[in-house]
Amino acid sequence: MASDAILGSPGPVESAMREKLTTLLQPSKLIITNESQLHRHHAAMLSQGGGNGETHFAVQVISDVFKGKVRVLSNLGCIWFISSQNTVQRHRLIYSALSEEFSQGLHALSLNTKTSEEAQRYQAEN
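Residues numbered from 1 in each chain as written. Predicted model: local features only at pLDDT ≥ 70, side-chain atom pairs only at ≥ 80, totals over all residues. Heavy atoms only, no water.

1. With respect to the packing of helix H1 (residues 12–25) against helix H4 (residues 87–97)
Packing of H1 against H4 leaves a shortest axis separation of 10 Å and a crossing angle of 130°. With respect to H4, the element H1 is oriented oblique. Considering the relative orientation of H1 and H4, their crossing is right-handed. When H1 is examined against H4, the residues Lys20, Leu21, Leu24 and Leu25 are found in contact with a partner set consisting of Leu93, Ile94 and Ala97. Class assignment for the residues of the contact of H1 with H4 results in six nonpolar, no polar and one charged. (Axes fitted to C-alpha atoms, helices over the stretch in contact; angles between N-to-C directions. Helix = DSSP H or I, 4+ residues; strand = E, 2+ residues; numbered from the N terminus. Parallel < 35°, antiparallel > 145°, perpendicular 65-115°, else oblique. Left-handed = near helix turned anticlockwise from the far one by under 90°. Contact = heavy atoms within 4.5 Å. Nonpolar A, V, L, I, M, F, W, Y, C, P; charged D, E, K, R; others polar.)

2. Quick word on the packing of aromatic side chains
All told, the structure shown has one aromatic pair when counted by the stated rule. Between tyrosine 95 and phenylalanine 102, the aromatic rings sit 4.9 Å apart at their centres with planes inclined by 15°, giving stacked as the arrangement. Judged by relative accessible area, tyrosine 95 falls into the partly exposed class, the value being 34%. Judged by relative accessible area, which is 23%, phenylalanine 102 ranks as partly exposed. When the ring centre of tyrosine 122 is taken as reference, the NZ or CZ atom of lysine 114 above it lies at 5.0 Å. (Phe/Tyr/Trp six-rings, centres within 6.5 Å; stacked < 30°, edge-to-face > 60°. Buried < 20%, exposed > 50% of the residue type's maximum accessible area, 1.4 Å probe, protein only. Lys NZ or Arg CZ within 6 Å of the ring centre and 35° of its normal.)

3. Some remarks on the nonpolar core
One finds Met17, Leu21, Leu25, Phe57, Val59, Ile94 and Leu109 to be the most contacted residues of the largest nonpolar core, which totals 16 residues. Contributing elements (two or more residues each) for this core: H1, strand S2 (29–34), strand S3 (56–62), H4 and strand S6 (108–114). Considering every element that reaches this core, the biggest residue donor is H1, with four residues. Contact partners of leucine 21, with chain neighbours within four places excluded, come to Gln26, Pro27, Leu30, Val59, Ile94 and Leu98. (Core = buried A, V, L, I, M, F, W, Y, C linked by side-chain atoms within 4.5 Å.)

4. Let's talk about unusual backbone geometry
Located in the positive-phi region is glutamine 26, a residue other than glycine, with phi close to 45°. With respect to the helices, strands and loops of the structure, glutamine 26 is situated in the loop between H1 and S2.

5. Comments concerning the confidence of the model for the chain
Confidence in the prediction of the chain, expressed as mean pLDDT, is 78, and 68% of residues score 70 or more. Per-element confidence in the chain ranges from a low mean pLDDT of 43 for strand S1 (residues 3–4) to a high of 96 for S2. The low-confidence segment residues 70–82 (pLDDT under 50) makes 18 contacts with residues lying over four places distant or belonging to another chain. (pLDDT = per-residue confidence, 0-100.)

6. So, the environment of serine 15
Examined against the element boundaries, serine 15 turns out to sit in helix H1. For the pair formed by serine 15 and isoleucine 32, sequence separation is 17 residues and the distance between their alpha carbons is 9.6 Å.

7. Things to note about H4
Burial in H4 covers these residues: Arg90, Leu93 and Ile94. Looking straight down H4, one finds its buried side chains confined to an arc of 90°; they lie on one side. The backbone nitrogen of valine 88 lies 3.1 Å from a side-chain oxygen of the residue at the head of H4, namely asparagine 86. (Arc of directions from axis to C-beta. Polar contact = N/O pair within 3.5 Å; in protein donor to acceptor, adjacent residues only side chain to side chain.)

Written out as structure tokens, the structure reads:
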């Protein structure tokens, strides 16, 4: 699993994120990119002196845990249609897992979440 730390090894926030998401999601792919340097000039970060260097991250995760959580979409006669966990549910799961990090200065996540099947289908189409 890749890491894109700004300089050297990942900081404590990124390390905690990686540990929690790996435990929760058992991903086949997890890429965490620290994008904090791109947001230091934003008003919220300026009020904190530019932030702590670990405020904004992009997270790409492929996990079949997303597939395991299904929801009923509709019942047409005797046929039940189910769908993998939707994007909002996936994002809520991740935000909930990282609630401690958010309370300690994590400001924003950019999330790209897929099941392995969705990742394969996307790769085949592109």
